[in-house]
Amino acid sequence: MRRVGARPSWRRLLIPPMAGLLVVTGLAAGPAAAGGRGYQPDFEVVSCDEEQFAGRLPAGVDAECGLLTVPEDRERPMTEGNTVVLPVVVLKAIAGDPQPDPVLLLAGGPGGSGIDGSLLSGAGLPGWAQALNEQRDVIVLDTRGTGKAQPSLLCLDDELGVTAWLAAIYEIFATTDDPVTERAVLDQAYVDCAADLREQGVDLDQYDTPTIAEDLGDLRKALGINKWNVYGVSAGATGTLELLRQQPGGQRSVVLDSPYAPFIEIDPASLTAYSKAAFHAVIEAVGLDQGEVEASLAAIQDRYDSIPYSATDPYLGVEVNFTGGDAIMILAWMMGGADLVPLLELFLANLQYYDGTDATAGLSLEPYFGAGVETVFDLFLGYFYPVMSAIGWSTGHFIAVECADRSQLLDPADYGTVLAAEPVYGNAWFPLPTMPNVCEQVDVEPVPTRTYKVHQVGVPSLVLAGSLDPQRTPPAVTAQVSEMLGPWSQFVEFPRATHGIAGYSDLDPVSQCADQMIADFIDAP
């Protein structure tokens, strides 16, 4: 199988637009409110050729790079051993003479690199964000524990040289174990990562959304910015909501794209229910019969449980054996891409019947995706590693944030019970740890309960949702977030979009409307 060339827009599903940065000339550190708490954040301008930025920025881009240093634990003095260093990139306004209110882009996840995600791994800002950069500086950064921030919470696997999360996924792909056993492998990867980080001296209690929001406030003030505009997607929107709660006066406007609501439950039963509802919405959107599709899903599961699909990953060279549960998970992941949704019927037939013979030749994906991409599994393998390696998902950051932010909302969960009740859709949510069970072992300090609340603060907000969103951000909850923000908030749901509205499709003209809406709103919120 060849490596697939052009990457479709659904790669955004896992590379959300990340936290933006602001352009600073002269960079005199302004008076930070944090200084009254015993420390002064430090921002140092450095060359964009430094190791924290080398190879991550597009050639010829007009940017300034800097390092923000703040305490790891704000209740202790900022001395050696109690600091975090965050790489920051300020993309200067294309038109020169920028507006005074830059745009901060905040990454999804938790765990994604803001710099790599926003700059598409050195390719530059995506088209929708370039419009924001025309008149305003755009700021992107690696938040604490992500990307090349120090300390790093990536937890790299020694054998494969990828993050512990990604290595665990490939370990799951390699086996033909039942889904409960396979997910336990993923759970253990998070537990081991947390233990390793603690042995290295990392204080995992200091990696949660409120602390990240404090970092952002320090950055704004250190750069001398009075107000900025914040675009947050998915978990980046969670941080944006916390910024609104902590520092409402610092935001001129906010765009919450598919917001990961701070109060949403992410136990296996809830995740299964969200995935089932999203899949039903996809089925309806493409005009198929729900009963017939679910019969196909059950047949697909039986087929690959009986004879797993074996292949070699084209990038890492590891063997994979996709079972029926893997097949459902992969199909659900594909349906997270708006441009792939119209192909659901073909994907179902390909998984259920295609065997490479002349009799099933019409079900091959080659006419759509090129030579060598015959099956849904080929398509998945051609994109999965490039997408996930590009954002370098931080295993330690993810579990520290999620356990601090969410564990108080959840009761202990038995994934086996959920799977018995929903044998198909119990596999449909992309591999996440079993929450909150893993958190009992990771054992980080929970956030204050006030973090779960969404407050009316009088800052104009644009809240966007996709009707086919398969993630932890169902549109009904997104609408609820907008309602909680009050009369200053405008909610818009896009009928064919999935997760992440900005730039969601290369084919749907409505996507261009969405991108223009974001730019127009920030110009005049």
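So, here's what we can say about the structure. The structure displayed is predicted, hence computed values, not measured ones.

Criteria and thresholds
- Residues numbered from 1 in each chain as written.
- Predicted model: local features only at pLDDT ≥ 70, side-chain atom pairs only at ≥ 80, totals over all residues.
- Heavy atoms only, no water.
- Buried < 20%, exposed > 50% of the residue type's maximum accessible area, 1.4 Å probe, protein only.
- Helix = DSSP H or I, 4+ residues; strand = E, 2+ residues; numbered from the N terminus.
- Pairing = 2+ DSSP bridges.
- Right-handed = clockwise from strand over helix to strand, strands pointing away.
- Salt bridge = Lys/Arg side-chain N within 4 Å of Asp/Glu carboxyl O.

1. Focus on the pairing of strand β6 (residues 228-233)
In summary, the side chains of a regular strand alternate between the two faces of the sheet. Of all six residues in β6, six are buried; the element is thus mostly enclosed. Alternating residues of β6 divide into W228, V230 and G232 and N229, Y231 and V233, and every residue in both groups is buried. Summarising the sheet, strand β4 (residues 103-106) and β6 pair through four bridges and their orientation is parallel. Within β6, the residue paired with L105 across the bridge is Y231. In terms of strand pairing, β6 meets strand β7 (residues 251-257) through six bridges, oriented parallel. From the neighbouring strand, Y231 faces β7, where its bridge partner is V255. Running through helix α6 (residues 235-246), the crossover from β6 to the neighbouring parallel element β7 is right-handed.

2. What to know about the pattern of salt bridges
Applying the stated criterion across every chain yields a total of 14 salt bridges. Residue D215 is joined to R74 by a salt bridge in which the shortest nitrogen-to-oxygen separation is 2.7 Å. Of this pair, D215 sits in helix α5 (residues 209-222) while R74 is found in the loop between β2 (63-71) and β3 (83-91), placing the two residues 141 residues apart along the sequence. On the basis of relative accessible area, D215 is assigned to the buried category, the value being 3%. A salt bridge links R136 to D523; the nearest nitrogen and oxygen atoms lie 2.9 Å apart. With R136 in the loop between α2 (127-133) and β5 (138-141) and D523 in helix α17 (residues 509-523), this pair connects stretches of sequence that are 387 residues apart. Given the relative accessible area of 4%, R136 is considered buried.

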